[in-house]
Amino acid sequence: MKCLVINLDRSADRLAHMTAEFARINIGFERVAGIDAKQHPELALQPQHAIHAIRPLAGSEIACLHSHRACWTIIAQDDAPYGAVFEDDMVFSCKAGALLGDISWVPADADVVKLETFFSRTVVQRRRIAAGNGFSVARLRKGHPGAGGYLLSRQTARDFLEATAQINIAVDDLIFDPIMSAGKMVYQLVPALCAQDQFVADRLPSLLDQERDAARTASGLMTRRRKPTAVRITREAGRTIRRIADFCRFRRHIVIPLDPVEAAN
């Protein structure tokens, strides 16, 4: 299985970071030149998916999609049944090499396995499948942000390429939003194999978040407005009902933990 790392030509420090990370877990990787929004303004001319009607995608988000598409093209043309994609600000579990070096743990029906955690609450199926080395995989039943680390099948890579041939969409919405990925078997690795450095050591701030937050501020989406009492009550009631429904369907609300980065002494 190829491990592909998206890296902008102007981000030599991030390439050095990922080189050290992969050396630490004793796994090789292939660098994929990231698409730089500053050099490709024409990408913004492609229509955007309707889910971005309120706040259109920032240029960096569009470039991020096309960077991932470059990885999907490699996976779609490769002989291996799966390929792994990483962004260049990830920090790995000390046991990551054991899983990235052997795909026998991947469920036979898996289209996508999310390897990353964004430390936000999500929902997974309670039933888990052992993946060895203290890991397991569970069906992902709710959106889980981030596309910094995941593996996907060769056929799914082809499907994602086709789905984005004429339209732009945020990468994590396409892959990890259950509505958008309907029909795909999407799993979550528990605990996670990796996380963005900003959550672990805070050495590499997210380049994507900076422009995305600026766009949200400009659109007014970052301004918090207090909802009317009736709306807040209705929303909380709906949240409670969904939790009960998830419990009845054997689903669990969880913040996916990160497996330890450093080996235990």
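**Student:** Before we move on, could you go through the pattern of salt bridges and cite the residues and values that matter?
**Tutor:** When their charged atoms lie close together, side chains carrying opposite charge are able to pair. Evaluated as defined, the whole model comprises 11 salt bridges. A salt bridge links Lys2 to Glu30; its shortest N-O distance comes to 4.0 Å. Pair noted here: Lys2 is in strand S1 (residues 2-7) and Glu30 is in strand S2 (residues 30-33), with a separation of 28 residues, a long-range link. Exposure remark for Lys2: the relative accessible area of 33% places this residue in the partly exposed category. Here Asp9 makes a salt bridge to Arg31, at a shortest N to O gap of 2.6 Å. One end of the pair, Asp9, is in the loop between S1 and helix H1 (12-24); the other, Arg31, is in strand S2, and 22 residues separate them in sequence. Looking at Arg31, the relative accessible area reads 31%, which means it is partly exposed. Overlapping salt bridges, with partners in common, bring together Lys2, Glu30 and Asp78 in one network.

**Student:** Can you break down the sheet that holds strand S3 (residues 82-87) residue by residue, with the values?
**Tutor:** With respect to topology, eight strands assemble into an open sheet ordered S2-S1-S3-S9-S5-S10-S8-S7, the strand pairing being mixed. Two strands bound the open sheet, and with one partner strand each, they are S2 and strand S7 (129-132). Averaged over all neighbouring strand pairs, the angle between strand axes comes to 30°, with direction disregarded.

**Student:** So what's going on with the nonpolar core? Which residues, and what values?
**Tutor:** Ranked by internal contacts, the top residues of the largest apolar core, which has 34 residues, are Trp72, Tyr150, Leu152 and Ile175. In terms of residue count, helix H2 (residues 59-77) provides more of this core than any other element does, six residues in total. Those residues within four positions of Ile175 in sequence are excluded, and the remaining contacts are Trp72, Val112, Tyr150, Phe160, Ser181 and Val186. Membership of the second largest hydrophobic core comes to 27 residues, among which are Cys3, Ile25, Trp105 and Val106.

**Student:** If you had to explain H2 to someone new, which residues and values would you point to?
**Tutor:** A rise of 1.5 Å per residue sets the reference length of H2, with its 19 residues, at 27 Å; its end C-alpha atoms lie 28 Å apart and thus fit the reference within 8%. Counting buried residues in H2 gives 14 out of 19 residues, a clear majority hidden from the surface.

**Student:** So what's going on with the packing of aromatic side chains? Residues and values would help.
**Tutor:** This structure, assessed with the given rule, holds eight aromatic pairs. On the basis of an interplanar angle of 80° and a centroid distance of 5.1 Å, the ring pair of Phe118 and Phe199 is categorised as edge-to-face. Separated by 81 residues along the polypeptide, Phe118 in the loop between strand S5 (112-114) and strand S6 (121-125) and Phe199 in helix H6 (residues 197-200) bring together distant segments of the chain. Through a chain of ring-to-ring contacts, three or more aromatic side chains come together here, namely Phe22, Phe29, Phe86 and Phe92.

Calculation rules
Residues numbered from 1 in each chain as written. Predicted model: local features only at pLDDT ≥ 70, side-chain atom pairs only at ≥ 80, totals over all residues. Heavy atoms only, no water. Salt bridge = Lys/Arg side-chain N within 4 Å of Asp/Glu carboxyl O. Helix = DSSP H or I, 4+ residues; strand = E, 2+ residues; numbered from the N terminus. Buried < 20%, exposed > 50% of the residue type's maximum accessible area, 1.4 Å probe, protein only. Pairing = 2+ DSSP bridges. Axes fitted to C-alpha atoms, helices over the stretch in contact; angles between N-to-C directions. Core = buried A, V, L, I, M, F, W, Y, C linked by side-chain atoms within 4.5 Å. Contact = heavy atoms within 4.5 Å. Expected span 1.5 Å × (residues − 1). Phe/Tyr/Trp six-rings, centres within 6.5 Å; stacked < 30°, edge-to-face > 60°.

By themselves, these figures tell us nothing about what the structure is for.
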